[in-house]
Amino acid sequence: REKMRTNVARSRRTLQLTLDASYRLPGGRTLKAGIEQEQIHRTFESVERTDETTYRLALRQGGTGAWSGSVGYDHMTRRGTDYQYNAPYLATYTSPAYIAALATANGCTNLLACVRLGPLQQKFFLADRDRDRGRLLLGYAPGGGITLQTRFDVNSDRYPDSPYGVTGGEGWSLGVDLSYALDDNFEATVYFTLDRQRTQERNRQVNAAAGSGALADWENTFTDRTATAGFGLHRRRLFGGRLEAGVDFVAVRGRTPISTIVGSAVPAGQNPATPFPDLRYSSDTVQFVARYALDRNDTVNIGYV
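All values derive from a computational prediction rather than experimental measurement. Along each chain, residues carry numbers from 1 onward, in the same order as the chain's sequence is written. The model is predicted, so local features are restricted to residues of pLDDT at least 70 and side-chain atom pairs to those at 80 or more, both for listing and for counting; the totals for chains, interfaces and linings are taken over all residues. By convention in this description, side-chain values take in all heavy atoms of the structure and omit both hydrogens and water.

Attention shifts here to the overall build of the protein. Here a helix means four or more residues in a row that DSSP labels H or I, a strand means two or more in a row labelled E, and each is numbered from the N terminus. Helices and strands together make up the secondary structure of the protein, namely 3 helices and 13 strands. For the radius of gyration, the atom set is restricted to C-alpha positions; the globular benchmark scales as 2.2 Å times the number of residues to the power 0.38. Taken over the C-alpha trace, the protein has a radius of gyration of 27 Å; the compact-globule value for 305 residues is 19 Å, which it surpasses by more than 25%. With respect to the principal axes defined by its C-alpha atoms, the protein has extents near 80 × 50 × 50 Å. Relative accessibility decides the category of a residue: with a 1.4 Å probe and only protein chains considered, values under 20% of the type maximum give buried, values over 50% give exposed, and everything between is partly exposed. Relative to its full complement of 305 residues, the protein shows a buried share of 26%.

Set out below in structure tokens:
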């Protein structure tokens, strides 16, 4: 029988609609509200269409003295069409007869129903998801070229229809940015960011010894902890205004502890003897940039990383 397969070209079409409104309150405050609708159509993917609705609400304070700030909250809901886990696989076959024969060989009398009743683990970027996100911003500009910005973000993800795979996550991020402008031509910046993101996932082990019940589940929690620090110096109008130059340095240190819970039905010989080692990440980057104007129309750009 025919088993010809074809590489299929995937496509994606996105439709977005955004509605925003703002209301000025006394004391330099502004209340903002908005709603956004995003619809994504995909071909040859497990989910043909996803619809995500975002509701936004924010209160901003500015224009009164050296302090400014804002607080905001977003709620996002994503839902998709029926999850057909092997639809991309079936689409690569050019012979409908072979697809029917494949279904029959696996005891499937209703192809579409068999596809929909597949594994309960879904791709997290396609699965139904509820997300809550909050942000707090504070700014301080006392004058003299000094500006201080602080940011605090929190987030929480839930996957209501994903009992396996990525089932949820939450985290927070704190950032501080201090800049100093000596004049219009010289600026120095120092910043620091601390980030903590935790993701939960669940997997099921199925074999003769462990069976297929929940007591054979593996549950993993990954906690990404990342610290980033950097500084930059930038100078303009050197050598008669022809040269701009700058240097930036970024240091990143990350660690991911892994917590694992093994179901009691999993054979003891398959359990990890000790906890999994932490994943560690380290990166140091230095970048030099320069731009020299030869004349009004020509410049030379130089960079080194």
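Moving on from the coordinates now.
A separate point is the pattern of salt bridges. Only one rule defines a salt bridge in this text: a Lys or Arg side-chain nitrogen within 4 Å of an Asp or Glu carboxyl oxygen. Per the stated rule, a full pass over the model turns up 17 salt bridges. Across the salt bridge formed by Glu36 and Arg56, the nearest N and O atoms sit 3.2 Å from each other. On the criterion of sequence distance, the pair formed by Glu36 in strand S2 (residues 29–42) and Arg56 in strand S3 (residues 49–64) is long-range, its members being 20 residues apart. Under the relative-accessibility criterion, Arg56 is labelled partly exposed at 30%. With a closest N to O distance of 3.0 Å, Glu45 and Lys123 form a salt bridge. Placement of the pair is Glu45 in the loop between S2 and S3 and Lys123 in the loop between helix H3 (111–116) and strand S5 (129–143), with a sequence separation of 78 residues. Given a relative accessible area of 12%, Glu45 falls into the buried group. A cluster of three or more residues bridged by salt bridges with shared partners is formed by Glu36, Arg56, Asp74 and Arg133.

This next bit is on the pairing of S5. We treat two strands as partners when DSSP finds at least two bridges between them. With 12 bridges joining them, strand S4 (residues 67–80) and S5 adopt antiparallel strand pairing. Within S5, the residue paired with His75 across the bridge is Asp132. When S5 meets strand S6 (residues 146–158), the two strands line up antiparallel, connected through 12 bridges. Within S6, the position partnered with Leu138 by the bridge is Thr150. Where S5 folds back on S6, the antiparallel hairpin that results is connected by 2 residues, among which Gly144 adopts a positive phi of roughly 70°.

For this analysis, a ring pair means two rings from Phe, Tyr or Trp (six-membered ring only for Trp) whose centres lie within 6.5 Å, classed as stacked if their planes differ by under 30 degrees, edge-to-face if by over 60, and tilted for the remaining angles. Enumeration over the complete set of coordinates arrives at 5 aromatic pairs. Their ring planes at 90° and their centres at 5.9 Å tell us that Phe124 and Phe125 sit as a pair that is edge-to-face. Their ring planes at 40° and their centres at 5.9 Å tell us that Phe231 and Phe249 sit as a pair that is tilted. Here Phe231 is found in strand S9 (residues 217–238), whereas its partner Phe249 is found in strand S10 (residues 243–256), with 18 residues between them in sequence.

Before going further, it helps to examine the environment of Thr260. Counting through the fold element by element, Thr260 comes out in strand S11 (residues 258–262). Thr260 gets classed as partly exposed once you look at its relative accessible area, which sits at 25%. Note: C-alpha distance between Thr260 and Trp218 (42 residues apart in sequence) is 7.1 Å. For this analysis, residues touch if any pair of their heavy atoms sits within 4.5 Å. Residue contacts for Thr260: discarding those within four places in its chain leaves Trp218, Glu219, Asn220 and Phe276. Throughout this description, a polar contact denotes any pair of N or O atoms lying within 3.5 Å of each other; where both atoms belong to protein, one of them has to be capable of donating a hydrogen while the other can accept it, and for residues adjacent in sequence the pair is counted only when both atoms sit in side chains. Of the polar contacts made by the side chain of Thr260, one reaches the side chain of Asn220; its length is 2.8 Å.

Our focus in this paragraph is unusual backbone geometry. One non-glycine residue, Phe44, lies in positive phi territory at about 55°. In this structure, Phe44 sits in the loop between S2 and S3. Not every positive phi belongs to a glycine, and Phe239 is a case in point at roughly 50°. If you trace the backbone, Phe239 turns up in the loop between S9 and S10.

Within strand S13 (residues 299–304), only 0 of the 6 residues are buried, which leaves the element largely exposed. Sheet topology note: the strand S12 (residues 279–293)/S13 ladder contains 6 bridges and is antiparallel. The residue of S13 that forms the bridge with Tyr292 is Val300. Connecting S12 to the antiparallel partner S13 that follows it, the hairpin turn spans 5 residues.

Turning our attention to the environment of His41. Position of His41 relative to the elements: it lies in strand S2. Separated by 257 residues in sequence, His41 and Asp298 place their C-alpha atoms 45 Å apart. If we ignore the near neighbours within four places in the chain, the residues touching His41 are Ser11, Arg12, Arg13, Glu48 and Arg49. Within polar-contact distance, the side chain of His41 engages the side chain of Gln39 at 2.6 Å.

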